Every structure is written in structure tokens, then in C-alpha cells.
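Given next are the chains, with one letter for each unit.
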Amino acid sequence: MKRVLLGLAAIALAVAVPLPATAAQTHPGQHGGRTPDNLRELSHKIKVYIGSAVAVTPLADEEDYRRTLNREFTHVTAENAMKWAEVEPQRGQYTWDGADAVVRNAQRNHQKVRGHTLVWHNQLPEWLTTGVADGSIDAAELRGILRDHIFKEAGRYRGKIRAWDVVNEVVDDEGNLRNSIWLEKLGPGYIADAFRWAHQADPHAKLYINDYNLEWNTAKINQTLNIVKDLKAKRVPIHGIGFQGHLGIQYDYPADFPTVMKQFTDLGLEAAITEADVRMVLPVTPEKLATQADYYKRMLDTCVDNRRCVEYTVWSFTDRHSWVPGWFEGEGAATIMDENLAPKPAYDALLTVRR
Ligand code: 9MR
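Let us look at the structure shown here. The model shown is predicted, which means the values in this text are computed figures rather than measured ones. (Residues numbered from 1 in each chain as written. Predicted model: local features only at pLDDT ≥ 70, side-chain atom pairs only at ≥ 80, totals over all residues. Heavy atoms only, no water.)

### Points about the overall build of the protein chain
Along the protein chain, the regular secondary structure elements total 15 helices and 10 strands. In terms of C-alpha radius of gyration, the protein chain reaches 21 Å, essentially the compact-globule figure of 20 Å for 355 residues. With 355 residues in all, the protein chain has 54% of them scored as buried. When contacts within the protein chain are restricted to residue pairs at least 6 apart in sequence, long-range pairs at least 24 apart make up 76% of them. As displayed, the protein chain offers around 15700 Å² of accessible surface, 52% of which is attributable to carbon and sulfur atoms. Placing the 42 positive and 46 negative side-chain charges of the protein chain at their respective mean positions leaves the two points 9 Å apart. (Helix = DSSP H or I, 4+ residues; strand = E, 2+ residues; numbered from the N terminus. Rg over C-alpha atoms; globule rule 2.2 N^0.38 Å. Buried < 20%, exposed > 50% of the residue type's maximum accessible area, 1.4 Å probe, protein only. Contact = heavy atoms within 4.5 Å. Areas by Shrake-Rupley, 256 points an atom, 1.4 Å probe, with all protein chains shown as cover. Lys, Arg positive; Asp, Glu negative; His and termini not counted. Charge placed at Lys NZ, Arg CZ, Asp CG, Glu CD.)

The structure is reproduced here in C-alpha cells:
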């Protein structure tokens, strides 16, 4: 039905005949208003950016993937293309092609961009981790390397990135600062340094701290709140809190999430759900898809109900390209569209969300 309507709309536009109002009002929404035809329309209606992670290869090679991405979303995040190992695989040799392609496609399609990510413990280039491990890169040099990296990358995309994940996953599940080369060699001050450098490199970008399990893990929540308070007390430029939103229906929905989000936004931060997906133990059943739809919708409700939550990004929009099956044995089907890009119940549930 939706596709028929879209087809009709395209024909109507082509011959410059306005669609009769009734044709657009065939799906009454739950609060009486018309249900949006797609996520882009929803995004405008609820005034929350709706984003997706983008993978570079399908963006280049798969016409239907590209078309769906550009029709449905008002925000994008490069799933891997902006990570350090991708952009500087050999020391001093930069490969921006993938990241550039994501940004260029976004600009052409009026999508905002989340930069992901400047400082992380994963997907670091081999030359860097090896150099630190064998001692050929000492702490002073490492600090300079991190600074250069942030200035290079955030500087390259200056003015083109709405928000940067400056630091990603810097707290572990026990609530300690994560043990990484950054903490070990540079001490906890690397976090403030990273935000200051990113701000100098791109003064208008919103600068985020981003993490997983932050929707519910109390130890992680408290440590992250402390980091934010400490940075704010030191007048370090931090503007946003990113909740990755990687959920699974075999676990209870994190019902405290709205309260947790408020704890952060009460500190003056804006909020985003940055990597939403909802995995399940296979096989797929209608009941599991219904639960998944409910989890996706509740996350978006949480964002819409908090005035400071500005973005809801899914970590890929199709089961054809999702990190989940490769990481969790026997699990999958975590996204809002199936392998053929057919909308799943989760997609339809998102369209019913209202402010
Ligand atoms: O989806 C990404 C996958 O393709 C990569 O192999 C993986 C490598 O660590 O990273 C995945 O994305 C992660 C994101 O960058 C940070 N939060 C967790 C995401 C899922 O692992």
C-alpha cells in the first residue's frame, strides 16, 4: 500500500498535479493525525533527527540500500569509515575515501552527520597499538599523536558534522574508567584533552561522550555522570550524551531509561540515541518481532519525551547489513527492515510515535 502511494505520489509530482488531500489521509494515526509515510516525514513531525549507521560498500554498490537510506533518514553515522584504523591504516597515510563518500552522500540528501569516533579503544591502527606495546611510541609521543589525529579528522570535516562522538566507551561495565592505551599511558586527563582539541578543530560541532549499556547499568551511569560533572566544572566543552541503545529482547526492557536520560540532560547536556538495535535469538517469530517493535518504539518515545533529546539513530536499517549475527552466535534480525528492505513491525511502530 505504502509503495503504491509512493508510486502515485511520484507520478503526481511528475505531472505537477497536487495529490488530493484525501489520498494522504488514508492512515489515521493513533492520536488522530495522519501516520507519516516514512521516517523522514516522522522526523520532521516529531522534531527529532532519525538516523542510521551507513556502511560504505553497500552505499556504493547497492542501489536499493542507497535509495532507502536517502528516503528514510535525516541523519547518518559512518558505521566504520571514520574510525582511526580506517582513516590512517599506515602512519601518516590517510584514506578518507569512505568517510568522504558518507559525508558527500549525506550533504546531497539533506542529512546531518554524526562523526564516529575520535577516541576509542577498538579499531585502532596496528602501527599505533604495536608502537605503544613495544615501547617505540612513548607517552609524550602518544599524546601528540592523539592530538594530531583529532585535529586532522575533526578539522577535515569542520562545519560538516553536527555532532562528534569524541570519546566512545571510556567506562567499563564495572563503572571504572576503561583500561586502554589512553588511560594507561596518558592518565584520565586524556578525556578533557580530547574534548578541548575537538572543540578547537570544529568549534560548532556538538561534542559527545557515547557508551553502551548506559540505558541501565548503574555503575556505568554513575561513573559517566561523574565524568560529565567533572568536565563541566573544568569548563571543558562537552555538549551531549550518547546512549548507544544496543538491546536484545531476551532481556527485560530497560524501564529506567527515561530517568537515566533525564539525569544527564539535567546537567545541561543534549541527548541522542546513537546506535539503536534490538537483537533476538533466532529463529524470528511474529511474537519476537512484536516485542522488538515495542523496544524500538519505547526508545524513540524516551527521546521524544525529553526536550533535550535531538537524535535517534539506528545501527543499520536492514538485516542485510548488521553487526549482530557476526558478534552474537545464534542471534540476529536486529534492525527495522528485513534483508529485502521490507519494513518490519518495528518500522511501523516507529511511525506511530508522536510528540
Ligand atoms: O558495527 C560495527 C562493526 O561493523 C565493526 O566490526 C565493529 C568493530 O568494533 O564496530 C561496530 O560498531 C560498534 C560501534 O562503533 C561502537 N559501539 C558498538 C558498535 C557495535 O559493536
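Let us keep going from here.
### Concerning the nonpolar core
In terms of nonpolar packing, the biggest core is built from 100 residues, with Leu128, Trp182, Phe195, Phe264, Leu300, Tyr312 and Ile336 touching the most fellow members. Each residue touching phenylalanine 264, except ones within four places of it in the same chain, is listed here: Leu214, Ile221, Thr224, Leu225, Val228, Ile241, Phe243 and Leu269. (Core = buried A, V, L, I, M, F, W, Y, C linked by side-chain atoms within 4.5 Å.)

### Brief notes about the packing of helix H12 (residues 257–265) against helix H13 (residues 286–304)
Axis angle and axis distance: for two packed helices, these are the angle between their axes and the distance between the axes, and together they describe the pair. It is the contact of H12 with H13, at a shortest axis distance of 10 Å, that shows an interaxial angle of 35°. In this structure, H12 crosses over H13, and the sense of that crossing is right-handed. Between H12 and H13, the contacting residues are Phe257, Pro258 and Met261 on the first element and Met299, Thr302 and Cys303 on the second. Residues belonging to the contact of H12 with H13 are distributed by class as follows: 5 nonpolar, 1 polar and no charged. (Axes fitted to C-alpha atoms, helices over the stretch in contact; angles between N-to-C directions. Left-handed = near helix turned anticlockwise from the far one by under 90°. Nonpolar A, V, L, I, M, F, W, Y, C, P; charged D, E, K, R; others polar.)

### Some words on the state of the cysteines
Applying the stated rule across the entire model yields 1 disulfide. What pairs with cysteine 303 in a disulfide is cysteine 309, and their sulfur atoms sit 2.0 Å apart. A torsion of -95° about the S-S bond marks the disulfide between cysteine 303 and cysteine 309 as left-handed. Accessibility assignment for this pair places cysteine 303 and cysteine 309 in one class, buried. (Disulfide = S-S within 2.5 Å.)

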